[in-house]
Amino acid sequence: MSVDINELALPDGQIVSDPEEISKLSSDKFTEAIEETSQPLAVIQAKSVEDVQAAVKFANQNQIPVTARGAGTSIVNGSAAEKGGFVIDLTQLNKILEINIPNQYAVVQAGVLNSDLDDEVRKQGYFFSPDPGSKRISSVGGNIATNAGGMSSLKYGTTKQSVVGLQVVLADGRLVELGGKTFKNNAPYDLTDLFVGSEGTLGIITAATVKLLPVPFGNPVTGLATFNDMKQLSVGVQNISGSGLYPSMMEALNKTSIEALDNLEKSDLGKGGAESLLIFQLDVAPAGAVDALKKILAKSGALQVNVTDDPDYAKKIIKIRQDYYQAEAAYGRLIVEDVAVPLSKLPELADFVENLKFTSKVTAFLGGHAGDGNFHPNFAVSKEYAETPADVNEAINKIFKYVQSIGGTISAEHGIGDLKYQWVRPQLGADVVELQRQVKKAFDPNNILNPGRKV
Ligand SMILES: Cc1cc2nc3c(=O)[nH]c(=O)nc-3n(C[C@H](O)[C@H](O)[C@H](O)COP(=O)(O)OP(=O)(O)OC[C@H]3O[C@@H](n4cnc5c(N)ncnc54)[C@H](O)[C@@H]3O)c2cc1C
């Protein structure tokens, strides 16, 4: 069907015409596993909800694929343009509409950056708990669409736990409100939750009501513990998890990750030859908690433990951990993976990944949200290769198969996007895939919303 794009009337927004801007908004630059990008029919910069409605309605009538784009930090090519489709750029829907402290929620437009909301509410003694490593560069809408996790998901849950209500443009352009302003709501089927993690395949989120939490009382305690290897570290993580201490962070780094971070940050985390490092935090530390934690770490085989309540030092450590991908990207084209297993299987997973061997020029890293059973096995491939070397692809396939064989998932927090599509069926089984397709069909009968992704 030939489409005359001039027939699309946007009340407030515009169709981008600058080729550089079109190319920037059509590709996911952080998805380094993808070597080619697709050409969209048009990139639409929405300035109002009505723009999103008009564009989606037009696309539905003309069977044009539509990709919602938050801040474009997807690592699975989820917000990159589909061939001949629309990209709807939501960055200008960036207003914090309401901060309601007595009722502990905020209402924000989808394009608001996570850290802009968090910084704003912290001025009033509250925080927005979802804290992906991309906090400063990703949007609240994108965080919701991917159910983003972060370091503090261990204690406060993934983005899902913070979403109270959503405003959504459906595939035919209708606008609906899901959920509400209360933290409990059993009136409807929970369609709000269904949209969390739906990766732009069910509708376009234009605004959200999100939960705010009061900043915990007292000073957090932050620490570093070294271990002989990632397997032993994982045992320590499991022991702390069952202790009742409720840490707000348990992050792991293997030797290559420590080296990469030390190189980037000019820090000395690897001083003394640390083979693996656990970064932990108790954001609420009652009397006796630190001693109890140290005892558990010692019993679990920790070699060295350092603990501080100095907030500046803690900030520095957390910043170092947040730079995990950036540090690794200095070693080549970075392929980021994201798997999770039941906690008791974490030592096995660590062992499995650390023992993979490569003949090509690649640096393998392992680290991530150990407390959630979630590791990022990442691979920096030498830029001299035009394509990903076969042994790296094989290693990734082996990890996925292994993770699925021990009851884990091939996507803990980054989503499916384009990259992991073929792994969904083996993990979910034909019946569940079919149910998912039926859900998708109910919301998007013409299959225009991010077709070929996720489901
Ligand atoms: C340095 C770095 C660190 C990262 N760390 C983490 C981490 O710790 N944890 C984690 O979970 N992820 C992490 N990510 C991945 C990424 O930042 C998250 O997936 C993030 O939630 C995406 O937000 P975004 O605004 O960039 O969305 P985009 O990348 O623009 O979109 C992501 C997906 O959501 C859909 N989407 C976006 N906005 C909407 C909307 N309003 N309505 C409907 N669908 C929409 C898109 O179509 C796409 O499928 C990291 C990425 C980088 C580059």
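It should be emphasised that the depicted structure is a prediction, and the values quoted were computed from it without experimental measurement. (Residues numbered from 1 in each chain as written. Predicted model: local features only at pLDDT ≥ 70, side-chain atom pairs only at ≥ 80, totals over all residues. Heavy atoms only, no water.)

**Quick notes on the overall build of the chain**
Here comes step 1: When helices and strands are tallied, the chain shows 15 helices and 19 strands.
Here comes step 2: For the chain, the C-alpha radius of gyration of 22 Å lies close to 23 Å, the compact-globule estimate for 455 residues.
Here comes step 3: Of all 455 residues assigned to the chain, the portion counted as buried reaches 53%.
Here comes step 4: Summarising the internal contacts of the chain: among those between residues at least 6 apart in sequence, 73% fall at separations of at least 24.
Here comes step 5: With an accessible surface of roughly 20,200 Å², the chain has 50% of that area assigned to carbon and sulfur atoms. (Helix = DSSP H or I, 4+ residues; strand = E, 2+ residues; numbered from the N terminus. Rg over C-alpha atoms; globule rule 2.2 N^0.38 Å. Buried < 20%, exposed > 50% of the residue type's maximum accessible area, 1.4 Å probe, protein only. Contact = heavy atoms within 4.5 Å. Areas by Shrake-Rupley, 256 points an atom, 1.4 Å probe, with all protein chains shown as cover.)

**Comments concerning the sheet that holds strand E9 (residues 175–179)**
The strands that make up a sheet are held in pairs by hydrogen bonds between backbone atoms, and each pair lies either parallel or antiparallel.
Here comes step 1: Here 5 strands make up an open sheet; going across it, the order is E5-E6-E10-E8-E9 and the pairing antiparallel. Edge strands, defined here as strands with exactly one partner in the open sheet, are strand E5 (96–100) and E9. Adjacent strand axes in the sheet meet at a mean angle of 10°, parallel and antiparallel pairs treated alike.
Here comes step 2: Direction of pairing for E5 relative to strand E6 (residues 105–109): antiparallel, over a ladder of 4 bridges. Looking at the pairing, Ile99 lines up with Ala106 of E6.
Here comes step 3: Its contacts with the sheet place helix H2 (residues 49–61) against strand E8 (163–169), E9 and strand E10 (204–211), and it is angled at close to 55° to E8.
Here comes step 4: In the packing of helix H3 (residues 114–122) onto the sheet, contacts are made with E5, E6 and E10, and the angle to E5 comes to roughly 35°. (Pairing = 2+ DSSP bridges. Axes fitted to C-alpha atoms, helices over the stretch in contact; angles between N-to-C directions.)

**Some remarks on the site of the ligand**
Here comes step 1: Surrounding the ligand, one finds 35 residues, the nearest of these being Ala68, Gly70, Thr73, Ser134 and Ser139.
Here comes step 2: Separating an oxygen atom of the ligand from a side-chain N or O atom of Thr73 is a distance of 2.6 Å.
Here comes step 3: Relative to its free-state accessible area of 970 Å², the ligand is covered by the protein chains to the extent of 96%.
Here comes step 4: Elements that contribute at least two residues to the shell around the ligand include exactly strand E3 (66–69), helix H4 (140–146) and E10.
Here comes step 5: The element best represented in the shell around the ligand is H4, accounting for 5 residues.
Here comes step 6: When residues of the shell around the ligand are sorted by domain, at least three fall in each of domain 1 (5–89) and domain 2 (96–214). (Near = heavy atom within 4 Å. Polar contact = N/O pair within 3.5 Å; in protein donor to acceptor, adjacent residues only side chain to side chain. Domains from an automatic or database assignment.)

**Thoughts on the domain arrangement of the chain**
Frequently, the measure chosen for interface size is the accessible area removed from exposure when the parts meet.
Here comes step 1: Domain annotation of the chain identifies domain 1 (5–89), domain 2 (96–214) and domain 3 (221–405).
Here comes step 2: Both sides of the domain 2 and domain 3 interface together cover about 920 Å² of buried area, and 60% of this is carbon and sulfur.
Here comes step 3: Of all residues in domain 2, Met151, Leu154 and Lys155 give up the largest surface area on contact with domain 3, accounting jointly for 72% of the area buried on that side.
Here comes step 4: Counting across the interface, domain 2 meets domain 3 through 1 salt bridge.
Here comes step 5: As a salt-bridge pair, Lys155 and Asp283 come within 2.7 Å of each other at their nearest N and O atoms.
Here comes step 6: Applying the counting criterion to the domain 2 and domain 3 interface returns 2 residue pairs in polar contact (both at pLDDT 80 or more).
Here comes step 7: Tallied by class, residues from the side of domain 2 that touches domain 3 come to 3 nonpolar, 3 polar and 1 charged. (Buried area = accessible area lost by both parts, 1.4 Å probe. Salt bridge = Lys/Arg side-chain N within 4 Å of Asp/Glu carboxyl O. Nonpolar A, V, L, I, M, F, W, Y, C, P; charged D, E, K, R; others polar.)

**Quick word on the pattern of salt bridges**
Here comes step 1: Following the criterion strictly, the structure yields 21 salt bridges and no others.
Here comes step 2: Taking the shortest distance from any N to any O, the salt bridge between Asp118 and Arg122 comes out at 2.9 Å. One end of the pair is Asp118 and the other is Arg122, both in helix H3 and 4 residues apart, which spans about a single turn.
Here comes step 3: According to the relative accessible area criterion, Asp118 is buried, its value standing at 3%.
Here comes step 4: Using a relative accessible area of 43% as the deciding quantity, one classes Arg122 as partly exposed.
Here comes step 5: The salt bridge partner of Asp172 is Arg174, with a shortest N-O separation of 2.9 Å.
Here comes step 6: Since its relative accessible area comes to 31%, Asp172 is described here as partly exposed.
Here comes step 7: Through salt bridges with shared partners, a single network forms among Glu82, Asp418 and Arg453.

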